[in-house]
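Structural features, examined
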Amino acid sequence: MIELIVLDVDGCMTDGKIVYSASGDELKAFNVKDGFAIVNWIRLGRQAAIITGRESAIVARRAEELGIKHLYQGVKNKMERLEKLCAQLGIAMRNVAMIGDDLNDYRALRACGLSFVPADAHHRVIEIADVVLSRKGGDGAVREMIELLIHREGLEEEYLASWT
């Protein structure tokens, strides 16, 4: 059973582009459909975490909006951070699903119970992923992952019941 999903930000929750305004503000675009799925995953009693290599106030705001309690930014070693989080939560690595798109996600993706990558991920992480999604990062890849998990975990009726 997957109890925790771990999300990378740039290239998974976003399309990987970083835009700076004339005043130096960083801008990122998040997919509302991904957010919808994350919120509902949490409503189903499951957990979500963000582990990202960059630091951004925008990501902190998005995590808060979505109810993601486990936010780790500026992480150089995602595998180490994931191991600590699993120990803290008492969750075995086999009960973790992760989405990542680049080489800094490689080791953590290999260690998880189920690994997902967007369609436009780096070829090395595509090679080791359990599931290569049909959607690109920032274009509904996270929602696709979560809905595949909901199906796999037999949560479809509960998921739909809250909306029908």
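What you are looking at is a predicted structure, and each value in this text was computed from that prediction instead of being measured. (Residues numbered from 1 in each chain as written. Predicted model: local features only at pLDDT ≥ 70, side-chain atom pairs only at ≥ 80, totals over all residues. Heavy atoms only, no water.)

**Some thoughts on the environment of Gly137**
- With respect to the helices and strands, Gly137 occurs in the loop between strand 8 (131–132) and helix 7 (141–152).
- Residue class for Gly137 comes out buried when judged on its relative accessible area of 4%.
- With 126 residues separating them in the primary sequence, Gly137 and Gly11 have C-alpha atoms 4.7 Å apart.
- In contact with Gly137, other than residues within four places in its own chain, are Gly11, Cys12, Thr14, Asp15, Pro118 and Asp120. (Helix = DSSP H or I, 4+ residues; strand = E, 2+ residues; numbered from the N terminus. Buried < 20%, exposed > 50% of the residue type's maximum accessible area, 1.4 Å probe, protein only. Contact = heavy atoms within 4.5 Å.)

**A closer look at the packing of aromatic side chains**
- Evaluation of the coordinates by the stated rule reveals zero aromatic pairs.
- Taking NZ or CZ as reference, Arg81 lies 3.9 Å from the ring centre of Tyr72, over its face. (Phe/Tyr/Trp six-rings, centres within 6.5 Å; stacked < 30°, edge-to-face > 60°. Lys NZ or Arg CZ within 6 Å of the ring centre and 35° of its normal.)

**Some words on the pairing of strand 7 (residues 114–117)**
- Along strand 7, one buried face is formed by Leu114 and Phe116 and the opposite face, lined by Ser115 and Val117, is buried too.
- Alignment of strand 6 (residues 96–99) against strand 7, held across three bridges, turns out to be parallel. Counted as the bridge partner of Ile99 is Phe116 from strand 7.
- In this fold, strand 6 hands off to helix 5 (residues 106–111), which returns the chain to strand 7; that crossover is right-handed.
- Pairing between strand 7 and strand 8: two bridges, direction parallel. Each residue of the ladder has a partner; that of Phe116, found in strand 8, is Val131.
- As a crossover connection, the stretch from strand 7 through helix 6 (residues 123–128) into strand 8 is right-handed. (Pairing = 2+ DSSP bridges. Right-handed = clockwise from strand over helix to strand, strands pointing away.)

**Concerning the packing of helix 2 (residues 32–43) against helix 7**
- Contact geometry of helix 2 with helix 7 gives a least axis separation of 7 Å together with a crossing angle of 35°. For the pair helix 2 and helix 7, the sense of crossing is left-handed. Contacts between helix 2 and helix 7 pair Lys33, Asp34, Phe36, Ala37, Ile38 and Trp41 from the former with Ala141, Val142, Arg143, Ile146, Leu149 and Ile150 from the latter.
- The class makeup of the residues in the contact of helix 2 with helix 7 is nine nonpolar, no polar and three charged. (Axes fitted to C-alpha atoms, helices over the stretch in contact; angles between N-to-C directions. Left-handed = near helix turned anticlockwise from the far one by under 90°. Nonpolar A, V, L, I, M, F, W, Y, C, P; charged D, E, K, R; others polar.)

**With respect to the sheet that holds strand 7**
- Read across the sheet, six strands follow the order 5-4-1-6-7-8 without closing on themselves; strand pairing throughout is parallel. Only two strands of the sheet have a single neighbouring strand rather than two, namely strand 5 (70–72) and strand 8.

**A short note on the nonpolar core**
- One finds Ile5, Leu7, Ile38, Ile99, Met145, Ile146 and Leu149 to be the most contacted residues of the largest nonpolar core, which totals 29 residues.
- Counting only elements with at least two residues in this core, the list comes to strand 1 (4–7), helix 1 (9–13), helix 2, strand 4 (47–51), helix 3 (57–66), strand 6, strand 7 and helix 7.
- At six residues, helix 7 tops the list of elements feeding residues into this core.
- The contact partners of Ile99, leaving out residues within four places of it in the chain, are Val6, Leu7, Asp8, Cys12, Leu109, Phe116, Val117, Pro118, Leu133, Ala141, Val142 and Met145.
- Formed by 21 residues, the second largest nonpolar core is a distinct cluster that contains Leu4, Ala49, Leu85 and Val117. (Core = buried A, V, L, I, M, F, W, Y, C linked by side-chain atoms within 4.5 Å.)

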